[in-house]
Amino acid sequence: MDYKEARNYIKEKEKLGSVFGLDSIKELLKRLDNPEKCAPAIHIAGTNGKGSILAFVEETFVKSGMNVGRYISPTIYSYRERYRHNKEWASKEEIALAISSVKKHADAMIEEGLPSPTAFEIETAAAFWLYRYWNVDVMLIECGMGGRLDATNVLEEDVLNVLSSISLDHMNVLGKTLKEITGEKLGIVRDKSTLITYPQCDEVMTEIMEYSVLHNVRLITVDKDELNINEESFHSASFTYRGEDYDISMGGEYQILNAITAIEVLKYFKNVCEEYIYMGLLTTQWDGRFTIAGTKPLIIVDGAHNKDAWLRLRESVDKYFTNEKIVYIMGVFRDKEYEKMIEILSPTMKKVYTVQSDNPRAIPSEELADFFKEAGVDAESKKDVRLALDTALEEADEDTKIIVCGTLSITGNALKHLKVRS
């Protein structure tokens, strides 16, 4: 099986949809001789910020000389970035080899009358296979959705659990309330293990603390009282946390909170010295998260795709571009709270170009434009992100600011197009 055949195989399995549960992935991993046990792991669940926190951790570990494997979803540039080895994407040959190895056992399961593993289960097994193949020192594993029944939730020992910001999202699957959603996320945390958490809202924090007591979990919480922001802009920040000075090269106040969560994770590993933590945070980049993709005019690409992320984006716009009106390029999925998106962001809009991704969940661009018009926003539907960007740039002057957001697929296409234009 070559890379193209492996990708086609996964696309066929995607037609099975999502099946939440751990029986198939555990059976598949057992037949692969349990590659998930090959190295210590950091397992992260949460609604927003998982990728950014792991990006800070990954950068620092690699700088310190560790051999690091990382598994992420979704991706924005290429399927290959799902599997990372020391910050580099897996090669096509490596992915083909991994998925071929997993396919052999998935086929055997089907022949024996067992349910077919889903695409995400096969991809997750392939990730663990690759990390054993690469002989990594540590695995950075990101939950796909939820936690308790997520295919990544097979790490029983030698694992550090991390929770990023938790808010309402995927309510049709994870629960209608913050309590229910937090319970699903906490499903990755084993009895007598260690958990590090982002500074959550009171309702979420209460659930975390009660769970930790009940399950004898060592809980490490990020302490915002120990944080002093010294300087902040839309592209960087300097801050002091627990008496140590740090700089990051990403904008958005929420990235400071992600950074101090990563600091707590890194401090847990006693062999990572303070110098590496400082340099790791300083040089970390994570595309699609308040990314400066152009300067004349200013173009910001942000993966904000749910209510909490839209609120964080609005806070950043109000802070960095006070009383300025922004040109937006946006698309959104129908199962998101898009009415809230319009309510939160429309007061900052000069104009919005609506676009539609190729995901079947996407709202048609014409329909989304009508929603914005009903809210009093100058809205224009465009065929795709590329055309919307080209139009916005043609109409821009030196003071124009453009923000692309709504889904990671749209922001990824925007970043790829801007690289071509440059």
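Quick note: structure is the one above.
Conventions adopted
- Residues numbered from 1 in each chain as written.
- Predicted model: local features only at pLDDT ≥ 70, side-chain atom pairs only at ≥ 80, totals over all residues.
- Heavy atoms only, no water.
- Salt bridge = Lys/Arg side-chain N within 4 Å of Asp/Glu carboxyl O.
- Helix = DSSP H or I, 4+ residues; strand = E, 2+ residues; numbered from the N terminus.
- Phe/Tyr/Trp six-rings, centres within 6.5 Å; stacked < 30°, edge-to-face > 60°.
- Lys NZ or Arg CZ within 6 Å of the ring centre and 35° of its normal.
- Expected span 1.5 Å × (residues − 1).
- Buried < 20%, exposed > 50% of the residue type's maximum accessible area, 1.4 Å probe, protein only.
- Contact = heavy atoms within 4.5 Å.
- Pairing = 2+ DSSP bridges.
- Axes fitted to C-alpha atoms, helices over the stretch in contact; angles between N-to-C directions.

A. Just the pattern of salt bridges, in detail. Under the defined criterion, the tally for this structure stands at 23 salt bridges. Residues Glu 27 and Arg 31 are paired through a salt bridge, measuring 2.6 Å at the closest nitrogen-oxygen approach. Here the residue Glu 27 and the residue Arg 31 both occupy positions in helix α2 (residues 23-31), the gap between them amounting to four residues, near one helical turn. The partner of Arg 70 in a salt bridge is Glu 58, and the shortest N-O contact between them spans 2.8 Å. Residue Arg 70 is found in strand β2 (residues 68-71), and its partner Glu 58 is found in helix α3 (residues 50-63); the two are separated by twelve residues along the sequence.

B. Layout of the packing of aromatic side chains. Taken as a whole and assessed by the stated rule, the structure comprises 13 aromatic pairs. Aromatic rings pair up to connect Tyr 71, Tyr 79, Tyr 83 and Phe 120 into one cluster. Above the ring of Tyr 79, the side-chain terminus of Arg 7 is found at 3.9 Å from the ring centroid. Over the aromatic face of Trp 286 sits the side chain of Arg 70, whose NZ or CZ is 4.3 Å from the ring centroid.

C. Fine view of helix α11 (residues 307-320). With 14 residues, α11 should cover 20 Å at 1.5 Å per step; its first-to-last C-alpha distance of 20 Å lies within 8% of that length. Where α11 is concerned, the buried positions are Asp 308, Ala 309, Trp 310, Leu 313, Ser 316, Val 317 and Tyr 320. On its buried face, α11 is in contact with β9 (227-232), α9 (253-268), β14 (326-330), α12 (338-345) and β17 (401-405).

D. Here's a closer look at the pairing of strand β6 (residues 159-163). Among the five residues that make up β6, five are buried, leaving the element largely enclosed by the rest of the structure. Burial along β6 is two-sided: the residues Val 159, Asn 161 and Leu 163 and Leu 160 and Val 162 are all buried. As paired elements, strand β1 (residues 41-45) and β6 share five bridges and run parallel to each other. Looking at the pairing, Ile 44 lines up with Val 162 of β6. For β6 and strand β7 (residues 194-197), the ladder comprises four bridges, and the chain directions are parallel.

E. Focus on the sheet that holds β9. Read from one edge to the other, the open sheet built from three strands follows the order β9-β10-β11, with strand pairing classed as antiparallel. The open sheet has two edge strands with one neighbour each: β9 and β11 (244-248). Adjacent strand axes in the sheet meet at a mean angle of 20° when their direction is disregarded. Bridge analysis of strand β10 (residues 237-241) against β11 gives five bridges, and the strand direction is antiparallel. Each residue of the ladder has a partner; that of Phe 239, found in β11, is Tyr 246. In this fold α9 packs onto β9, β10 and β11, with an angle of close to 45° to the strand it touches most, β10.

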